[in-house]
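Results of the structural survey
What follows is the residue order along each chain.
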Amino acid sequence: MLAPFRAAAVVLVLAVIAGCGSGDDDPRSRVRAYLDSANAVQRGADEELERAGDAYMAFARGDLRPRAAVRRLERSESDIRAVRDELAALQPPREARPLHSKLQRVYDMNLELAHETALLAAYQRRSGAVLAPLDRYNRSLDASLRHAEGPAEQASALTRFAGRLRGVERKLDRLDLPFVLRVPHADQLARLEATRSLAERLRDALEAQAAERVARLLKRFRGAGDERRPRRRLARRALAEYERRYSQLNDAYAEAYRELAHLDQSTR
């Protein structure tokens, strides 16, 4: 499970520039009108964004059951998209266009992270269901090999096992894959494929009655017991990538605030 992190969906409250211009055509007045509109959009979404942040934190702590996590995180993604779209529809004055661009980037990145988190929750739930039978398949194969009466029955057991692994591979390969899990996902598929290939080679050796090859492959197959078990934990590399993207989001917030300060100075 993910390590705790601060909620990504934090309202970016832009400070209202102090002072008044001489009229509606004054740059400072135009900027102030834009800031009022941007603030109104974000204030109107306070509840939705707070709910999104709560969902992130609950998911990070492991407080949400898989199905509930997917439902809440998908709703959070929808909430953030609505805010992003409202902000994108604003027409900033020329002076505030750089700020508007940075503000849009903040919410674009929030939306990307929300989507990635929702995908991550869905993947963990669905991949868990796909991988769940593997332990049972391994136990069934071990029992069949122990009690088989001759090479033909052993080969038949290996054929069934390989077919079951192929089914797991296909189901896993059809899952929507979050970017941060591309490496551990590929690793899991490679381990399944390697185990299936070894089982098929052992079956072929049994059918060919190649005793020396059977002994060699059987030793490898038994020694691969740990490799035949599914890996369900989020890989360190995936977690590091996720946290790196979250750090980039915080940097985008800081950029927006710096641009606000610059705008304040330039329109005095």
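Just so we're clear, the structure is a prediction, and the values are computed from it rather than from any experiment.

Moving on: the overall build of the chain. If you tally the helices and strands in the chain, you get 9 helices and 0 strands. When the helices and strands of the chain are placed in sequence order, the string is α-α-α-α-α-α-α-α-α. Counting across all 268 residues of the chain, residues that qualify as buried make up 44%. Within the chain, residue pairs in contact and separated by at least 24 positions form 77% of the contacts whose partners lie at least 6 positions apart. Only carbon and sulfur atoms are counted for the fraction: they give 47% of the accessible area of the chain, which is about 14700 Å².

A word on the environment of glutamine 248. Inspection of the secondary structure puts glutamine 248 in helix α9 (residues 236-266). In sequence terms glutamine 248 and methionine 109 are 139 residues apart; their C-alpha atoms lie 8.6 Å from each other.

Turning our attention to helix α3 (residues 66-88). In this model, α3 (23 residues) spans 33 Å end to end at C-alpha, consistent with the 33 Å of a helix rising 1.5 Å per residue. Inspection of α3 places Ala69, Val70, Leu73, Ser76, Glu77, Asp79, Ile80, Val83 and Leu87 among the buried residues, and these make up the whole buried set.

Of the residues in the chain, 83% have a pLDDT of 70 or more, and the chain-wide mean is 80. For the chain, per-element mean pLDDT is lowest for helix α2 (residues 46-61), which scores 71, and highest for helix α6 (residues 151-173), which scores 94. pLDDT under 50 marks residues 1-14. Its contacts with residues more than four places away, or in other chains, come to 62 contacts.

A pair of packed helices is characterised by two quantities: the angle between their axes and the separation of those axes. Where α6 contacts helix α7 (residues 182-207), the two axes come as close as 9 Å, and the packing angle between them is 160°. On the basis of the axis angle, α6 is roughly antiparallel to α7. α6 and α7 meet at a crossing whose hand is left-handed. Considered class by class, the residues forming the contact of α6 with α7 number 13 nonpolar, 5 polar and 8 charged.

Turning our attention to the side chain of threonine 195. The topology assignment puts threonine 195 in helix α7. Residue classification places threonine 195 among the buried residues on the basis of a relative accessible area of 8%. From its side chain, threonine 195 meets the backbone oxygen of arginine 191 in a polar contact 2.9 Å long.

As a further point, take α6. Owing to its 3.6 residues per turn, the α-helix aligns residues three or four sequence positions apart on the same side. End to end, α6 covers 32 Å across 23 residues, agreeing with the expected 33 Å (1.5 Å per residue, within 8%). Taken residue by residue, α6 has Ala155, Ala157, Leu158, Phe161, Ala162, Leu165, Val168, Glu169 and Leu172 as its buried positions. Along its buried surface, α6 packs onto α4 (97-131), α5 (134-147), α7 and α8 (211-223).

A word on the pattern of salt bridges. Tallied over the full model, the rule gives 11 salt bridges. Residues glutamate 95 and arginine 30 are paired through a salt bridge, measuring 2.6 Å at the closest nitrogen-oxygen approach. Here the residue glutamate 95 occupies a position in the loop between α3 and α4, and arginine 30 occupies one in helix α1 (residues 27-44), the gap between them amounting to 65 residues. Residue class for glutamate 95 comes out buried when judged on its relative accessible area of 14%.

A cluster of basic side chains, namely Arg136, Arg139, Arg160 and Arg164, defines a positive patch on the protein surface. Where the positive patch is concerned, the elements lending two or more residues are α5 and α6. The topology assignment puts arginine 136 in helix α5. When its relative accessible area of 47% is taken as the criterion, arginine 136 is described as partly exposed.

On to the packing of α4 against α6, then. Contact geometry of α4 with α6 gives a least axis separation of 9 Å together with a crossing angle of 170°. With respect to α6, the axis of α4 lies roughly antiparallel. Across the interface between the two elements, Tyr123, Ser127, Val130 and Leu131 of α4 pack against Val168, Lys171 and Leu172 of α6. When grouped by side-chain class, the residues that make up the contact of α4 with α6 number 5 nonpolar, 1 polar and 1 charged.

One non-glycine residue, glutamine 209, adopts positive backbone phi at about 55°. Mapped onto the secondary structure, glutamine 209 falls in the loop between α7 and α8. You can call glutamine 209 exposed: its relative accessible area is 70%.

Criteria and thresholds
Residues numbered from 1 in each chain as written. Predicted model: local features only at pLDDT ≥ 70, side-chain atom pairs only at ≥ 80, totals over all residues. Heavy atoms only, no water. Helix = DSSP H or I, 4+ residues; strand = E, 2+ residues; numbered from the N terminus. Buried < 20%, exposed > 50% of the residue type's maximum accessible area, 1.4 Å probe, protein only. Contact = heavy atoms within 4.5 Å. Areas by Shrake-Rupley, 256 points an atom, 1.4 Å probe, with all protein chains shown as cover. Expected span 1.5 Å × (residues − 1). pLDDT = per-residue confidence, 0-100. Axes fitted to C-alpha atoms, helices over the stretch in contact; angles between N-to-C directions. Parallel < 35°, antiparallel > 145°, perpendicular 65-115°, else oblique. Left-handed = near helix turned anticlockwise from the far one by under 90°. Nonpolar A, V, L, I, M, F, W, Y, C, P; charged D, E, K, R; others polar. Polar contact = N/O pair within 3.5 Å; in protein donor to acceptor, adjacent residues only side chain to side chain. Salt bridge = Lys/Arg side-chain N within 4 Å of Asp/Glu carboxyl O. Patch = residues over 30% accessible without salt bridge, like charges linked within 9 Å, V, L, I, M, F, W, Y side chains within 5 Å. Lys, Arg positive; Asp, Glu negative; His and termini not counted. Charge placed at Lys NZ, Arg CZ, Asp CG, Glu CD.

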